[in-house]
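Residue-level structure breakdown
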Amino acid sequence: GTCERARERAREREQEREMLSASRSNVAKTGHAALAAAVTSARRTMSSVVDFWSHVEEAPRDPILGVTEKFLADANPDKINLGVGAYRDDEGKPVVLDCVREAERRIMGSKFMEYLPMGGFKEFCDHSLRLAYGETNPLVSGNKIAAVQSLSGTGSCRLMADFMHKFKPGAKVYITVPTWSNHHNIWGDALVEKETFRYYKPETRGLDFEGMMEDIAAADGGSFFLLHACAHNPTGVDPTADQWQEVSKLMKEKGHFPFFDMAYQGFASGDCVRDAQAIDIFLQDGHMVGCSQSYAKNMGLYGQRIGCFSLTCNSEEEKVAVESQMKRIARATYSNPPLHGALLVSTVLGDPELKALWYKEVKGMADRIIDMRSVLRDELERLSGDSWKHVTDQIGMFCFTGMTSDHVAALQGKSIYMTSNGRISMAGVNTKNVKRLAQAMHEVTSA
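Here's a quick rundown of the structure. (Residues numbered from 1 in each chain as written. Predicted model: local features only at pLDDT ≥ 70, side-chain atom pairs only at ≥ 80, totals over all residues. Heavy atoms only, no water.)

The side chains of a regular strand alternate, first on one face of the sheet and then on the other. Burial within strand E2 (residues 145-150) is extensive, with six of its six residues counted as buried. Covered by surrounding structure in E2 are Ile-145, Ala-147 and Gln-149 together with Ala-146, Val-148 and Ser-150, the residues of both alternating faces. Note that E2 and strand E10 (residues 307-312) share six bridges and pair antiparallel. Bridge pairing in E10 links Ile-145 to Thr-312. (Buried < 20%, exposed > 50% of the residue type's maximum accessible area, 1.4 Å probe, protein only. Helix = DSSP H or I, 4+ residues; strand = E, 2+ residues; numbered from the N terminus. Pairing = 2+ DSSP bridges.)

Structure below.
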């Protein structure tokens, strides 16, 4: 009996071991299944993340970037880049103005790196308003212009586009044909409806004044017009003072709002007052206006991204309200602007000696470009016997030559690069390459 009980207990222990082993096996199988399910789920999640942006197409290449890439890839030591809109001296080198270097020296180590307010550096905005609207303008002295520091001209235009979308919903903006290509991107991305109006006349390579006036008259009352204050980009064609007066009168009758993109004040003619004459004419006629200022070209502060966005108002109270909304848009877009460029401009414009030096230096840049226009025209007319008067009639950084895309392609074969619409950046023309450029232009246009 004792032996039988011992065998019975042994069988029970064996059964317990088998049951425990089976239990462990089931747990392991369940764990593997859960792990496999988790891996499958993760793979699905990863797959969905990868596929989330699969519909996004590559954006169209910037035409200026393409010109620069071709220029850089060209091994010809005599190659010429006429695509980039940045000033170069007669040696083809970038320039930092002496007034800017001195301003840098003065502010070095003198400021903290704290955030600026949403509206930027007030001293900078005050100087900018006096430059754009006039030192003695009653709107400036009466504190009736709302203004914020912006991310250069592009940033100013975008703030204006967003301001339009928010406070004048449904209003259209009318843009010149042609214009700086980014204007369309800016107002389009801000969801403002765009229209165009005639401006350039290819047959004369000058202003289509009649077409311009007809389109202004035909536009819905209360429309917004994006105007180039001076040195129209890309054509270099500006209305005369008399023509600006006619435009102003018609726009006043129609109740249109003029917004001036002023990227070249001082850089166009060498005279800051003359280059702002369009704004003054409109103000004298009683318009409310807006303005985008940039210090990229006229102070050479391309990389500092420094500009000012302003709107004239009817009262100080209105100015406070409008400026508060401009700041609110800036807050949601980039929070607050950078400090260094604002300090540079304020130091230059706030010191009489540095300001006088700046006037001299910006006139020097403008004069060099005007001189190169004259030499290029003379060479082209000497070679062809035809009139190239439009080269000197136009003003500012760019010359709209009238050459076709086929001409431009032929010039690339001669290591000369420009945008396909025949626009030349005159800053890339100098005493060393102007004759070669004229010869090449003559050859491709007379072939």
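So, next bit.
Turning next to the pairing of strand E3 (residues 172-177). Judged from the six bridges that link them, E3 and strand E4 (residues 193-198) form a sheet pairing that is parallel. The partner of Ile-175 across the bridge, within E4, is Thr-196. Taken together, the three bridges between E3 and strand E7 (residues 224-228) define a ladder with parallel strand orientation. When the sheet's bridge partners are listed, Tyr-174 is paired in E7 with Phe-225.

Quick look at the pattern of salt bridges now. Enumeration according to the criterion identifies 24 salt bridges in this entry. Among the salt bridges present, the one from Arg-106 reaches Glu-102, with a minimum N-O distance of 2.9 Å. Residue Arg-106 and its partner Glu-102 are located together in helix H3 (residues 98-107), separated by four residues, close to a single helical turn. On the accessibility criterion, Arg-106 (34% relative accessible area) is partly exposed. Of the charged contacts, one joins Glu-195 and Lys-172 as a salt bridge, the two residues approaching to 3.6 Å between their closest N and O atoms. Taken together, the positions of Glu-195 in strand E4 and Lys-172 in strand E3 put the pair 23 residues apart, joining distant regions of the chain. (Salt bridge = Lys/Arg side-chain N within 4 Å of Asp/Glu carboxyl O.)

Of note, Ser-420 is situated in the loop between strand E12 (416-417) and strand E13 (423-425). For the pair Ser-420 and Val-67, spaced 353 residues apart in sequence, the C-alpha to C-alpha distance is 8.9 Å. With sequence-adjacent residues up to four places away left out, Ser-420 is seen in contact with Thr-404, Ser-405 and Val-408. (Contact = heavy atoms within 4.5 Å.)

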